[in-house]
Amino acid sequence: MLRLTLLTSLLATTAFAATADQWRSRTIYQVITDRFATPDGSSPTCNTEDRKYCGGTWKGLENKLDYIQNLGFDAVWISPIVANVDGQTAYGEAFHGYWTQDINSLNSHFGTADDLKSLTSALHNRGMYLMVDVVVNHMVGTADPPNFSNFKPFNEQSDFHTECFVSNYDNQTEVEQCWLGDKNLPLVDLNTEDDNIVKTMNSWVSKLVSDYSVDGVRIDTVKHVRKDFWPDFAKSAGVFTIGEVLHNETDYVSQYTQVLDSVLDYPTWYPLVAAFQTTNGNLSALAASVQKAQGSYKNGEFMTGSFLENHDQPRFPSLCKDDALIKNAITWPFVQDGVPILYYGQEQSYAGGADPANREALWLSGYAQDKALYQHVKQLNGARKVAIAANSDFLTTAAKFPSTGSESTFAVSKPPLLALLTNGGSSSSPSWKVSDVGYQANEELIDVLSCNKVTADGNGAVTVQGSGGNPQVLLPTSALSKAGSACGQLGNQSSSARGWIDSTANSLPVVAALVLAMWAAQSSLVL
């Protein structure tokens, strides 16, 4: 009991300080803190059109971690945590956390410092990571001109760029030095050329990571700050950094992979949505976008954030009502090179359109775990973990796109995983014929989404007949057996004690890992 108490205490107070490489194997569940869970488990009305706080908190999130972990996720990305504009503005309240006014105080609507630390400890005790969203580019005013004395610690007009609103996104100087927002709610652009401001921001992010044992940082509006600001900021953070560069061109976004660990993969998101939004989508354009990024990004597509939805874009089901197309699209982030990201509510088939409609309260779903997409995502997370366990090079092997013989079908090969996608829609009966994907002659495979078995031919090629326009994700039966998993139960292995101990030991500092090893060796607990 003493050894167990020592271990628990150690894990609760030790930051994982996760590196970019350690995030490579993770899958991320993104939440808007205010909309995920209330602290007392209640389900208050939450009208997105009101743009008001609805009551979600860090304590509420902590209480619902089982829901996220049961989905198979091992990292959680939360909203910005700092104090925002309070009260009503021209565009509602700052429930989302992106309207910063004081970087040195917490947003009291989300809880206390102890609540945030408790959330971090709860995540770490489960072997999960915490990613915090941060905003560097601007502070937010409620009038024009803004009341600079409301901003902390930058409360002088000289701390900000001269007022001008971005109008020409082809002018990079304007993008970096003019303001976002409008005269009703100006996003006042911080003068990140000033040495004192740079030092303050670097010290701030270092302290934030240290104080709250943060494992990764997502950075908002990265393209609106000069590129040479970011390397020292990332170094000061000391953990994995992933930046939002909202742009559809790979060549533009790739520049930011040189100054941060990673980026959200917007250049692939655009063709992803187009490929599966209708039955006429261009699947080859999606492959071409990935291949360009594989050759342009600093680390290829590895560690980029791959997503179908987020808080800034309309939910995919608001654009597409075909269940099969939605299933195919939601499969993509889990079968490609990057780090999969799921935006809360996707698993509940939420269908809100553009902001604010896409920021629904999750408690209105009842946190149901028997929904089709909840189970779909759970199996996808499980399949990815099995593939990682079966092939030590899985996370460093670039995805390939072998021919399938049809414009409406698509294959993604990352041995031992083969994903077969289609945009034929629910009324289609897709077929795939794929060769040169690394399978042995006559090897038995299984589609982890349906549990149907497939046998490769004498040359290791695969021919599959589908139904209902559904995707398939194939793995060798031997890989599932090695992982101790049965089809239909893939999402369950992520919570095993043995897997948790292994992943935790790889993440902890050396001293902590040694204590963990000593405890495991002496404990009578069977893992």
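Remember, it's a predicted structure, so these values are computed and weren't measured experimentally.

Our next topic: the overall build of the protein chain. Summing up its helical and strand segments, the protein chain has 17 helices and 21 strands in all. When burial is assessed residue by residue, the protein chain has 58% of its 527 residues classed as buried. If you sum the accessible surface of the protein chain, you get close to 20000 Å²; carbon and sulfur atoms cover 48% of it.

Across the 5 residues of strand β21 (residues 472–476), 5 count as buried, placing the element largely inside the fold. Burial along β21 is two-sided: Gln472, Leu474 and Pro476 and Val473 and Leu475, pointing in opposite directions, are all buried. With 3 bridges connecting them, strand β16 (residues 417–422) and β21 associate as antiparallel partners. The residue bridging Leu418 from the neighbouring strand is Leu474, located in β21. Bridging between strand β18 (residues 444–447) and β21 involves 3 bridges; their strand directions are antiparallel. What sits directly across from Asp447, in β21, is Leu474.

Right, let's get into the nonpolar core. One finds Tyr29, Phe36, Ile68, Ile78, Met201, Trp230 and Phe233 to be the most contacted residues of the largest nonpolar core, which totals 145 residues. With residues up to four places along the chain from it excluded, the contact list for Met201 reads Ile103, Val135, Val136, Phe154, Leu190, Phe229 and Phe233. In terms of nonpolar packing, the next biggest core, distinct from the first, is built from 13 residues, Leu418, Trp432, Val434 and Leu445 among them.

Now for the environment of Ala479. In this structure, Ala479 sits in helix α15 (residues 477–483). Residues Ala479 and Leu417, 62 residues apart in the sequence, show an inter-C-alpha distance of 9.7 Å. In contact with Ala479, other than residues within four places in its own chain, are Val386 and Ala390.

What is meant by a disulfide is a covalent connection between two cysteines, made through their sulfur atoms. The final tally for this structure, using the stated rule, is 3 disulfides. Here Cys46 engages in a disulfide with Cys54; their sulfurs sit 2.1 Å apart. Here Cys46 and Cys54 share a disulfide; its torsion about the S-S bond, 85°, makes the bridge right-handed. Of the residues examined, Cys46 reaches a relative accessible area of 9% and is grouped as buried. Exposure remark for Cys54: the relative accessible area of 13% places this residue in the buried category. Sulfur-sulfur distance for the disulfide between Cys451 and Cys487 comes to 2.2 Å. Because the torsion about its S-S bond is -100°, the bridge between Cys451 and Cys487 counts as left-handed. Of this pair, Cys451 sits in the loop between β18 and β19 (453–455) while Cys487 sits in the loop between α15 and α16 (497–507); the two residues are 36 residues apart in sequence, bridging distant segments of the chain. For the protein chain, the bonded cysteines pair up as 1-2, 3-4, 5-6 when numbered in the order they occur along the sequence.

Buried within helix α9 (residues 230–237) we find Trp230, Phe233, Ala234 and Ala237. Mapping the buried residues of α9 onto a view down its axis gives an arc of 95°, with all of them on the same face. Taken together, the buried residues of α9 touch β5 (129–134), α8 (195–211), β9 (216–219) and β10 (240–243). Backbone geometry just downstream of α9 places Gly238 in the positive-phi region, at approximately 75°.

Counted at 1.5 Å a residue, the expected span for α8 with its 17 residues is 24 Å, and the 24 Å between its end C-alpha atoms agrees. Listed as buried for α8 are Ile197, Val198, Met201, Asn202, Trp204, Val205, Leu208 and Val209. All buried residues of α8 project into a common sector of 160° when viewed along the axis, lining one side. In α8, the exposed positions that point more than 90 degrees away from the buried face belong to Asp195, Asn196, Lys199, Ser203, Lys207 and Ser210. Next to the buried residues of α8 lie β3 (82–84), β4 (100–106), β5, β9 and α9. The opening residue of α8, the one whose side-chain oxygen lies 2.9 Å from the backbone nitrogen of Asn196, is Asp194. One or two steps after α8, the chain reaches Ser213, where phi turns positive at roughly 50°.

As a further point, take the confidence of the model for the protein chain. The predicted model of the protein chain averages 91 in pLDDT, with 90% of residues at 70 or higher. When mean pLDDT is compared element by element in the protein chain, strand β1 (residues 28–30) scores highest at 99, while helix α17 (residues 510–522) scores lowest at 37. For the stretch residues 1–14, pLDDT sits under 50, and the model shows 20 contacts to residues farther than four places along the chain or on other chains. Here residues 493–527 is modelled with pLDDT under 50, and outside its nearest four sequence neighbours on either side it reaches 46 contacts, counting other chains as well.

Another aspect to go through is the sheet that holds β21. The strand order across the open sheet built from 5 strands is β15-β16-β21-β18-β19, with neighbouring strands paired in antiparallel fashion. Where the open sheet ends on each side, the last strands, each with one partner, are β15 (409–414) and β19. When strand polarity is set aside, the average angle formed by the axes of neighbouring strands in this sheet is 25°. Sheet strands in contact with helix α13 (residues 323–331) are β16 and β21, and its direction is about 145° off that of β16. Taken strand by strand, helix α14 (residues 372–390) contacts β16 and β21, and its axis lies near 30° from that of β21.

The strands that make up a sheet are held in pairs by hydrogen bonds between backbone atoms, and each pair lies either parallel or antiparallel. Ordered in space as β11-β10-β9-β5-β2-β1-β14-β13, the 8 strands form an open sheet in which the pairing is parallel. Strand pairing shows two members of the sheet lacking a second neighbour, β11 (262–263) and β13 (305–307), which therefore form its edges.

Turning our eyes to something else, we now look at the packing of α8 against α9. In contact at an axis separation of 7 Å, α8 and α9 are set at 25° when each is read in the N-to-C sense. As far as their axial angle goes, α9 and α8 are roughly parallel. Considering only the axes of α8 and α9, their crossing is right-handed. When α8 is examined against α9, the residues Met201, Asn202, Trp204, Val205, Ser206 and Val209 are found in contact with a partner set consisting of Asp232, Phe233, Ser236 and Ala237. In the contact of α8 with α9, the residues fall into 6 nonpolar, 3 polar and 1 charged.

Before going further, it helps to examine the packing of helix α11 (residues 266–277) against helix α12 (residues 283–296). At a closest axis distance of 8 Å, the pairing of α11 and α12 adopts a crossing angle of 165°. Considering their axes alone, α11 and α12 lie roughly antiparallel with respect to each other. Note on packing geometry: the crossing formed by α11 with α12 is left-handed. Across from Pro267, Thr268, Pro271, Leu272, Ala275 and Phe276 in α11, the residues of α12 making contact are Leu283, Ala285, Leu286, Ser289 and Val290.

Conventions used here
- Note that residues are indexed from 1 along each chain, following the sequence as it is written.
- The predicted origin of the model limits local features to residues at a pLDDT of at least 70 and limits the giving and counting of side-chain atom pairs to 80 or more, whereas totals for whole chains, interfaces and linings rest on all residues.
- Each side-chain value is derived from all of the structure's non-hydrogen atoms; neither hydrogens nor water enter the calculation.
- The helix count covers DSSP runs of H or I at least four residues long, the strand count covers runs of E at least two residues long, and both are numbered beginning at the N terminus.
- We call a residue buried when its accessible area falls under 20% of the maximum for its residue type, exposed when it is over 50%, and partly exposed in between, using a 1.4 Å probe and counting protein chains only.
- All accessibility values rest on the Shrake-Rupley procedure with a 1.4 Å probe; residue burial counts only the protein chains present in the view.
- Pairing between two strands is assigned when DSSP locates at least 2 bridges connecting them.
- By nonpolar core we mean a set of buried residues, namely Ala, Val, Leu, Ile, Met, Phe, Trp, Tyr and Cys, connected to one another through side-chain atoms within 4.5 Å.
- Any two residues whose heavy atoms approach within 4.5 Å at even a single point are treated as in contact.
- Any two cysteine sulfur atoms lying within 2.5 Å of each other are counted as a disulfide.
- It is the directions from the helix axis to the C-beta atoms that the arc portrays.
- Multiplying 1.5 Å by the helix residue count minus one yields the expected span of that helix.
- Between N or O atoms, a polar contact is any pair within 3.5 Å; within protein, one atom must be a potential hydrogen donor and the other a potential acceptor, and residues adjacent in sequence are included only when both atoms are from side chains.
- Scored from 0 to 100, pLDDT reflects the predictor's confidence in each residue.
- Structural elements are reduced to axes, namely lines fitted to C-alpha atoms, with helices fitted over the stretch in contact, and the angle between N-to-C directions of any two is expressed from 0 to 180 degrees.
- Angle categories are assigned with fixed cut-offs, so that under 35 degrees is roughly parallel, over 145 is roughly antiparallel, 65 to 115 is roughly perpendicular, and the rest are oblique.
- Crossing chirality is assigned from the near helix's rotation relative to the far helix, an anticlockwise turn below a right angle marking it left-handed and a clockwise turn marking it right-handed.
- Asp, Glu, Lys and Arg are counted as charged, while Ala, Val, Leu, Ile, Met, Phe, Trp, Tyr, Cys and Pro are counted as nonpolar; the rest, among them Gly, fall into the polar class.

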